[in-house]
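Geometric and topological summary
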Amino acid sequence: MSNPATPPRSLAEALRARDDASLAVLLRARPDLVTPVPTDLTQLATRAGTRASVLRALERLDRFALQTAEALAVAGDPASYGELLGLMAGDGGDPLVAAALPRALNTLRDQALVWGDDDRLRLVRTAREVLAPSPQYPSPTGLGPTVREATSGMSPGRIQEIVTTAGLPSTHDSVSAADALGKLFGHRKKMAKLLAAAPAESVEVLSRLVWGPPYGQVTPEPAAHLRWLLDRGLLLPTAPGTVVLPREVALHLREGRAHREPEPVPPAVEPTATHRPQVVDATAAGQAYTALATVEELLKDWDEGGPAVMRAGGLSVRDLKRTAVALDLPEPVAAFWVELAYAAGLLASDGEADERYAATPVYDEWLDRPPAERWAQLAQAWLTATRAAGLVGGRDAKDRALSALGPGLDRSAAPEVRHRVLALLAGLPEGTAPAAASVLARLRWERPLRGPQQRDDDLRGRLARWTLSEAELLGVTGRGALSAHGRALLGAPTVEKAAERAAERPAGPGDKLPVHHHRPAAALEPLSPPEQAVAAAAAGRLLAPLLPEPLDHVLLQADLTAVAPGPLQRPLADTLGVLADVESKGGATVYRFTPASVRRALDAGRTATDLHAFLTTHSRTPVPQPLAYLIDDVARRHGHLRVGAASAYVRCDDDTVLNEIMADKRAAALRLRRLAPTVLSTQADPAALLEGLRAMGYAPAAESAEGDVLITRAHAHRTPHRTAPEPVPDGPPPPDGTLLAAAIRAIRAGDLAATTPRKPTGTAVQGGELPRTTAAETLATMQAAVLTGDTLWIGYVNAEGTASQRVIAPIRVEGGFVTAYDHTADEVRTYPLHRVTGVAELAAE
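**Brief notes about the overall build of the protein chain**
Each helix and strand in the protein chain was counted, giving 35 helices and 25 strands. Counting the 845 residues in the protein chain, one finds 46% classified as buried. With the model as given, the accessible surface of the protein chain reaches about 40,900 Å², and the carbon-plus-sulfur share is 55%.

Laid out in structure tokens, this is it:
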């Protein structure tokens with residue numbers, strides 16, 4: 001093992017010097033390193049240096065930490081902290097950069113992207129390859145290659161000419177000449193003197209290249225001002241017709257800075273408006289209730305079986321448009337509610353041969369719960385879902401249309417972005433609405449876009465914009481500001497203030513406010529599933545006192561309308577929805593009574609007496625005479641005609657009515673035939689006969705084979721039991737404390753077995769290989785160690801065939817087993833001797 005006083009020579013040695021808490025920070029920040037658990041710290045270091053893992057870690061750095069890594073990629077290897085500070089803060093020394101640099105460097109160290117002491121900082125080799133300048137992939141800093149790199153293919157004579165023209169003495173080789181030229185360009189005073197003699201046109205050329213890209217084109221016979229730069233190495237050829245500005249020259253012109261605009265401080269989230277918290281909570285609560293009503297209306301519309309599932313999956317454009325018309329919403333908003341109901345497990349495909357979408361049994365359970373709990377279920381599903389409804393109507397990478405409820409809508413970054421946007425809102429004073437542009441700017445600082453392709457497809461920016469609008473639709477925010485129940489949804493409720501506001505109205509007998517400790521926005525990390533359930537329940541309890549109480553009455557008008565001044569109790573709303581048609585929705589819902597709606601209620605088994613009693617009971621105003629006449633008139637004619645199966649027949653005790661039907665030209669299509677003075681028959685089916693007679697203005701009733709009136713009710717179609725769609729994670733989930741502790745313990749144990757010194761044996765053992773001895777040698781060494789108390793190094797293969805190295809102190813050997821204290825597992829274990837590949841004695845300390 002390395003001496004703690006000596007600097008580490010590799011990333012593995014640097015990791016070996018860390019304590020368990022530091023390793024836990026690394027594995028929590030880069031969970032891909034612990035899946036599966038590495039066998040030792042050398043394997044952990046190797047895995048941390050793979051390209052896929054490094055790219056994932058770089059993508060999760062904030063802008064200043066990434067700028068620090070980019071500066072290290074153009075610094076020396078190794079670089080000192082002073083050199084790094086100069087590249088970040090420049091010759092003038094930016095105090096904000098100097099103050100923020102230790103934090104950024106610690107972030108890179110914590111994530112094993114940088115290792116070494118402050119005087120020997122090393123960027124992981126893969127990260128340097130990704131971030132360092134090259135002709136194919138310019139550096140994000142805009143810097144080009146060093147003088148030595150740019151002159152590596154140049155002829156020795158040409159290099160000596162450049163050195164001499166620059167005012168330096170000639171050297172004995174090309175390497176020393178390039179070094180001398182690089183030192184000249186890096187010397188501030190000498191370089192300033194050299195540029196002072198440059199033509200103005202030459203300085204203009206340098207100014208155009210200084211911030212990148214550093215490459216330019218020249219003709220075979222360059223102009224005089226370009227020739228002046230080429231002769232002194234201020235521009236160096238890299239290919240025929242192409243020149244580059246050396247890194248040392250650019251840094252001089254930049255006054256030592258690697259970046260044009262270092263961003264050590266995250267941009268603030270700017271407020272646009274401030275409202276009283278009571279107003280925000282009330283507005284959000286009203287929108288939350290509208291959200292519940294919208295989801296109920298959607299699934300009620302699909303109650304008898306919703307749209308068909310397309311062959312490729314999802315809703316067709318026509319079905320989405322029809323749903324949007326039924327909900328009186330724009331299509332993108334309708335797609336959001338459809339996707340939310342799907343994410344909450346309230347609707348799914350029924351799995352039949354003619355597959356259709358329908359409500360699930362969970363929907364019926366959801367309807368029976370209190371409104372606040374129903375909202376909490378929707379809000380939790382929205383916050384954790386990886387499906388992004390905003391993508392509906394777009395195209396995927398293969399130019400296929402993305403449809404609601406269809407494949408291709410999962411974006412693993414969606415839950416993280418939603419949580420982070422709400423956390424930024426939670427960091428503002430209560431009642432403060434942020435500027436959307438400042439929220440997007442903050443997110444871009446926290447997760448900067450690295451490549452041109454990512455900049456063209458700013459998915460996180462689009463997800464953030466959708467989050468702001470969807471949170472308002474769902475009632476998580478009100479007037480753009482985060483509500484009290486929205487804060488609770490994140491796990492940081494301001495319960496005390498919410499309780500004060502709730503005290504303004506009388507609470508129910510079971511209303512209790514939970515007691516939570518407020519967590520600042522900076523500490524609002526995503527919650528685990530159990531914590532999410534607790535937070536959602538707390539949010540529901542905060543919302544409950546703010547929701548309007550359902551009403552048990554309506555106001556009947558003389559123009560055959562009824563006004564519901566607020567939300568209605570469910571039995572009242574269900575009955576009124578059958579008896580009347582919804583004419584307008586909003587704060588007050590207007591229902592209109594028509595002959596068709598009254599007949600619908602009579603078809604459902606209600607009598608005229610029942611309808612009169614219902615209206616009298618639930619109206620705060622007297623039942624208008626026109627409405628009473630309408631009910632009595634429709635009821636008088638309802639069932640006067642009877643339709644059965646002949647294929648179909650019509651019977652009526654009043655033969656004059658049947659005479660009128662036979663004489664009506666509109667009845668010709670029904671092909672009616674009189675069987676008796678009071679009976680007509682037809683070849684049409686009963687449903688078509690019913691519709692035809694109703695179109696002629698009659699009010700027939702269907703009857704059964706026994707002659708009883710058939711009561712027609714909507715048939716509620718339900719899918720089999722379905723589980724809500726599982727979110728699609730972005731790589732392995734962050735390990736919890738238990739897994740971290742076990743993983744670190746296993747890595748330490750494997751490292752102990754791999755690095756413990758051993759006594760020399762006759763057979764050479766390469767690093768990582770298991771010791772190999774015969775069965776007799778293994779048994780004899782084990783028995784001797786029991787007597788002497790020595791510690792041994794063994795190779796062991798378990799029942800699954802997994803090989804490992806272990807350091808043990810044998811206690812007892814009998815019956816083909818060895819019982820020993822296993823230093824790698826820190827416990828006493830028993831191992832079958834036939835699974836031990838070999839044994840070796842450890843060297844004395």
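**Description of the nonpolar core**
By size, the foremost hydrophobic cluster in this structure holds 89 residues, and its most contacted members are Leu44, Leu72, Phe185, Leu234 and Leu235. It is helix α5 (residues 63-74) that contributes the most residues to this core, eight residues altogether. When residues no more than four places from it in sequence are discounted, the contact partners of Leu235 are Val205, Leu206, Leu209, Leu226, Leu229, Leu230, Val243, Val244, Leu245 and Pro246. Counting residues in each nonpolar core, the second largest holds 75 residues, with Ala291, Ala324, Ala334 and Leu347 among its members.

**As for the sheet that holds strand β15 (residues 589-592)**
Strands belonging to one sheet form pairs held by backbone hydrogen bonds; the direction of such a pair is parallel or antiparallel. Read across the sheet, four strands follow the order β12-β13-β15-β14 without closing on themselves; strand pairing throughout is antiparallel. The open sheet is flanked by β12 (555-556) and β14 (581-584), the only strands paired with a single partner. As defined by bridge partners, β12 adjoins strand β13 (residues 561-564) across two bridges and the pair is classed as antiparallel. What sits directly across from Leu556, in β13, is Ala562.

**A few points about the sheet that holds strand β3 (residues 215-217)**
Reading across the sheet, the three strands line up as β3-β5-β4 and stay open at both edges, with antiparallel pairing between neighbours. This sheet does not close on itself; its edge strands, each paired only once, are β3 and β4 (236-239). On average, each strand axis in the sheet is tilted by 40° relative to the strand beside it, whichever way the strands run. As judged from the three bridges shared by β4 and strand β5 (residues 242-244), these two strands associate in the antiparallel manner. Across the sheet, residue Ala239 finds its bridge partner in β5, namely Thr242.

**Remarks on the packing of aromatic side chains**
For the structure shown, the criterion picks out four aromatic pairs. Arg374 extends its terminal NZ or CZ atom over the ring of Trp366, reaching a point 5.2 Å from the ring centre.

**So, the pairing of strand β19 (residues 679-682)**
Of the pairings in the sheet, the one linking strand β17 (residues 648-651) to β19 comprises four bridges and is antiparallel in character. Bridge pairing links Val650 to Leu680 in β19. In this structure, strand β18 (residues 673-676) lies alongside β19, joined through three bridges in antiparallel fashion. Note on β19: the bridge partner recorded for Ala676 is Val679.

**Looking at the environment of Ala200**
Inspection of the secondary structure assignment puts Ala200 in helix α13 (residues 200-209). Accessibility expressed as a relative area gives 60% for Ala200, which makes it exposed. C-alpha separation for the pair Ala200 and His225, spaced 25 residues apart in sequence, amounts to 8.3 Å.

**Details of unusual backbone geometry**
In this structure, the amide linkage connecting Asp77 to the following residue, Pro78, adopts the cis form with an omega of 5°. Structurally, the position occupied by Pro78 is in the loop between α5 and α6 (81-89). A positive phi angle is found at Leu560, which is not glycine, with a value near 65°. With respect to the helices and strands, the residue Leu560 is situated in the loop between β12 and β13.

**Describing empty space enclosed by the protein**
Scanning the entire structure with this criterion turns up five cavities of 30 Å³ or more. By volume, the largest cavity is sized at about 80 Å³. In terms of lining, the largest cavity is formed by Phe336, Glu339, Leu340, Ala343, Trp382, Ala385, Arg387, Ala388, Ala389, Arg418 and Glu470. Among the elements that line the lining of the largest cavity, the one with the most residues is helix α18 (residues 331-343), at four residues. Grouping the amino acids of the lining of the largest cavity by side-chain chemistry returns seven nonpolar, no polar and four charged.

The rules we used
Residues numbered from 1 in each chain as written. Predicted model: local features only at pLDDT ≥ 70, side-chain atom pairs only at ≥ 80, totals over all residues. Heavy atoms only, no water. Helix = DSSP H or I, 4+ residues; strand = E, 2+ residues; numbered from the N terminus. Buried < 20%, exposed > 50% of the residue type's maximum accessible area, 1.4 Å probe, protein only. Areas by Shrake-Rupley, 256 points an atom, 1.4 Å probe, with all protein chains shown as cover. Core = buried A, V, L, I, M, F, W, Y, C linked by side-chain atoms within 4.5 Å. Contact = heavy atoms within 4.5 Å. Pairing = 2+ DSSP bridges. Axes fitted to C-alpha atoms, helices over the stretch in contact; angles between N-to-C directions. Phe/Tyr/Trp six-rings, centres within 6.5 Å; stacked < 30°, edge-to-face > 60°. Lys NZ or Arg CZ within 6 Å of the ring centre and 35° of its normal. 1 Å grid on protein atoms, 1.4 Å probe; cavity = no way out; pocket = protein on both sides within 12 Å on 5 of 7 lines; lining within 4 Å. Points joined across faces, edges and corners; volume = space filled by probe spheres on them. Nonpolar A, V, L, I, M, F, W, Y, C, P; charged D, E, K, R; others polar.

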